[in-house]
Amino acid sequence: MAQIDWDALRDTARKALANAYAPYSGFPVGAAALVDDGRVIAGANIENASYGVTLCAECSLVSALIMGGGGKLVAFACVDGNGDALMPCGRCRQLLYEHSAAGMLLATVSGIKTIDEVLPDAFGPRQLAEFHRHG
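Just so you know, these numbers come straight off a predicted model, no measurement behind them.

1. Let's talk about the packing of aromatic side chains
Point 1. Per the stated rule, a full pass over the model turns up 1 aromatic pair.
Point 2. Ring geometry for Y24 against Y51: centres 6.0 Å apart, planes inclined by 75°, an arrangement best described as edge-to-face. With a gap of 27 residues between them, Y24 in the loop between helix 1 (6-16) and strand 1 (30-35) and Y51 in the loop between strand 2 (40-44) and helix 2 (57-67) connect regions that are remote in the sequence.

Below is the structure:
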């Protein structure tokens, strides 16, 4: 895999902030990820007056991944409205895990970590595939 340009990834996430729709929380979020085929995708949070219908930046990003042809995420960065690193919530960590390459890297508030470090003992497609191989 090529060297990851974390500054460019965070810059793409900051640019995605311009597309955030956060009139209720006032907390825009931008996200960007590197896909295993070399594409860089982005997302932003899109709120809804019915808060449970709100789309997190990570959800928007995964939608862009699927609509853009799929693939696996290899590096991910998320920023708040000030452009500072933001850690995905637990729900979004699970969503990212579902679409991650093994060992995906995340730029977190405490440095670069793997998906397995931020979501230990996760359950997803890799575990299902293993079960079906041995089940």
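What follows continues from the structure just given.
2. Quick notes on the pairing of strand 2
Point 1. Taken together, the 5 bridges between strand 1 and strand 2 define a ladder with antiparallel strand orientation. What sits directly across from L34, in strand 2, is V40.
Point 2. Joining the antiparallel neighbours strand 1 and strand 2 is a turn of 4 residues, in which G38 adopts a positive phi near 100°.

3. Side note on unusual backbone geometry
Point 1. In this structure, D121 is a non-glycine residue whose phi angle is positive, near 55°.
Point 2. Along the polypeptide, D121 turns up in the loop between helix 4 (115-118) and helix 5 (125-134).
Point 3. Residue D121 is classed as exposed on the basis of its relative accessible area, which comes to 80%.

4. What to know about the pairing of strand 1
Point 1. Among the 6 residues that make up strand 1, 6 are buried, leaving the element largely enclosed by the rest of the structure.
Point 2. Of the two faces of strand 1, both are covered, the one formed by G30, A32 and L34 as well as the one formed by A31, A33 and V35.
Point 3. One ladder, built from 6 bridges, connects strand 1 with strand 3 (residues 73-79); its direction is antiparallel. Residue pairing for strand 3: A32 is matched across the bridge by A77.

5. What about the environment of T12?
Point 1. Following the sequence through the fold, T12 ends up in helix 1.
Point 2. For the pair T12 and A31, spaced 19 residues apart in sequence, the C-alpha separation works out to 7.6 Å.
Point 3. If we ignore the near neighbours within four places in the chain, the residues touching T12 are A32, V40 and A42.

6. Here's the deal with the sheet that holds strand 4 (residues 100-108)
Point 1. The 5 strands are arranged 2-1-3-4-5 in an open sheet whose pairing can be described as mixed. The open sheet has two edge strands, strand 2 and strand 5 (111-114), and neither has a second partner. Neighbour-to-neighbour, the strand axes of this sheet turn through a mean angle of 20°, independent of strand direction.
Point 2. In this fold helix 1 packs onto strand 1, strand 2, strand 3, strand 4 and strand 5, with an angle of close to 55° to the strand it touches most, strand 3.

Parameters at a glance
- Residues numbered from 1 in each chain as written.
- Predicted model: local features only at pLDDT ≥ 70, side-chain atom pairs only at ≥ 80, totals over all residues.
- Heavy atoms only, no water.
- Phe/Tyr/Trp six-rings, centres within 6.5 Å; stacked < 30°, edge-to-face > 60°.
- Helix = DSSP H or I, 4+ residues; strand = E, 2+ residues; numbered from the N terminus.
- Pairing = 2+ DSSP bridges.
- Buried < 20%, exposed > 50% of the residue type's maximum accessible area, 1.4 Å probe, protein only.
- Contact = heavy atoms within 4.5 Å.
- Axes fitted to C-alpha atoms, helices over the stretch in contact; angles between N-to-C directions.

By themselves these figures say nothing about function.
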